[in-house]
Amino acid sequence: MINYITLMLINLTAGLVLLASFVYEGFEHPNPKRWVPGFGMVGAIALSTGFHMIWHWPIRGSYNIAFGETTVLFGILFVGASLALALGWDLLTVAIYAFFAGVTAIVIGVRIIDLEMTRRPLISGLGFILTGLGGVCAAPALYWRTNRAFRLAGVGVLAIAAAIWAFTGYMAYWGHLEGSSNWVPPGMP
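Cut-off values and rules
- Residues numbered from 1 in each chain as written.
- Predicted model: local features only at pLDDT ≥ 70, side-chain atom pairs only at ≥ 80, totals over all residues.
- Heavy atoms only, no water.
- Helix = DSSP H or I, 4+ residues; strand = E, 2+ residues; numbered from the N terminus.
- Rg over C-alpha atoms; globule rule 2.2 N^0.38 Å.
- Buried < 20%, exposed > 50% of the residue type's maximum accessible area, 1.4 Å probe, protein only.
- Contact = heavy atoms within 4.5 Å.
- Patch = residues over 30% accessible without salt bridge, like charges linked within 9 Å, V, L, I, M, F, W, Y side chains within 5 Å.
- Areas by Shrake-Rupley, 256 points an atom, 1.4 Å probe, with all protein chains shown as cover.
- Salt bridge = Lys/Arg side-chain N within 4 Å of Asp/Glu carboxyl O.
- Expected span 1.5 Å × (residues − 1).
- Phe/Tyr/Trp six-rings, centres within 6.5 Å; stacked < 30°, edge-to-face > 60°.

### Quick look at the overall build of the protein chain
In step 1: Each helix and strand counted, the protein chain has seven helices and zero strands in total.
In step 2: Order of helices (α) and strands (β) in the protein chain, N terminus to C terminus: α-α-α-α-α-α-α.
In step 3: For 189 residues, the compact-globule formula gives about 16 Å, and the C-alpha radius of gyration of the protein chain, at 17 Å, lands near that figure.
In step 4: Dimensions of the protein chain along its principal axes, counting C-alpha atoms only, are 60 × 35 × 25 Å.
In step 5: Across the 189 residues in the protein chain, those meeting the buried criterion constitute 44%.
In step 6: Nonlocal contacts in the protein chain, meaning residues at least 24 apart in sequence, comprise 71% of its contacts between residues at least 6 apart.

### Some details on a nonpolar patch on the surface
In step 1: Together, Leu92, Ile96, Phe99, Phe100, Val103 and Val107 line one region of the surface with nonpolar side chains, adding up to about 530 Å² of accessible area.
In step 2: Residue placement: Val107 occurs in helix 4 (residues 92–115).

### Some details on helix 5 (residues 121–136)
In step 1: For helix 5, which comprises 16 residues, the first-to-last C-alpha distance of 22 Å matches the rise-based estimate of 22 Å (1.5 Å per residue) to within 8%.
In step 2: For helix 5, the buried fraction is high: twelve of the 16 residues fall into the buried class.
In step 3: Taken as a whole, helix 5 has its buried residues at Pro121, Ser124, Gly125, Gly127, Phe128, Ile129, Leu130, Thr131, Gly132, Gly134, Gly135 and Val136.

### Details of the packing of aromatic side chains
In step 1: Applying the stated rule across the entire model yields eleven aromatic pairs.
In step 2: Between the aromatic rings of Phe39 and Phe78, the centroid separation amounts to 5.1 Å while the plane-to-plane angle is 80°, which identifies the pairing as edge-to-face. On the criterion of sequence distance, the pair formed by Phe39 in helix 2 (residues 36–56) and Phe78 in helix 3 (residues 63–87) is long-range, its members being 39 residues apart. One exposure class covers both Phe39 and Phe78, and it is buried.
In step 3: Centre to centre, the rings of Tyr143 and Trp144 are 5.8 Å apart; their planes meet at 65°, and the pair counts as edge-to-face.
In step 4: A relative accessible area of 67% means that Tyr143 is categorised as exposed.

The values are spatial; any link to function lies outside them.
Written out as structure tokens, the structure reads:
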């Protein structure tokens, strides 16, 4: 079994840290294009892993939906933000899309807790919920970009979500390395 949720989680962590940094200083920074490479890298990894997961279902059951589909939504948001910043476009349509992606993440987070999915359903569910709140609040953050208190609250939510995904991702790496240490590809002696 090929399991790259670890990569997806650490990519998500990096994306949330980049986004928190952007919200903290990016709106006011004289060169918003400096965020383009980071957002683009996060988006590329998220899209490639997310699409593979939703098309091939490499892991058991609805984890493919929860992690694969939300990763595609996350990835296209980062690619869209990267393009918008690179080309000087307004971020409003990206923020509107982020609202719907955010609601999806919140619903999935609540359902993960409800179904007790993952080894730590409360932590995973909260990670999805907080990440989703970041998306839901994207348009208000653009509108109130000069309201430092609102932006700092958003940075806090994104930082907590990043910490949850970092913990989850690095613990998954720890376990997956041991669990996969004896794996042999099919047809190989």
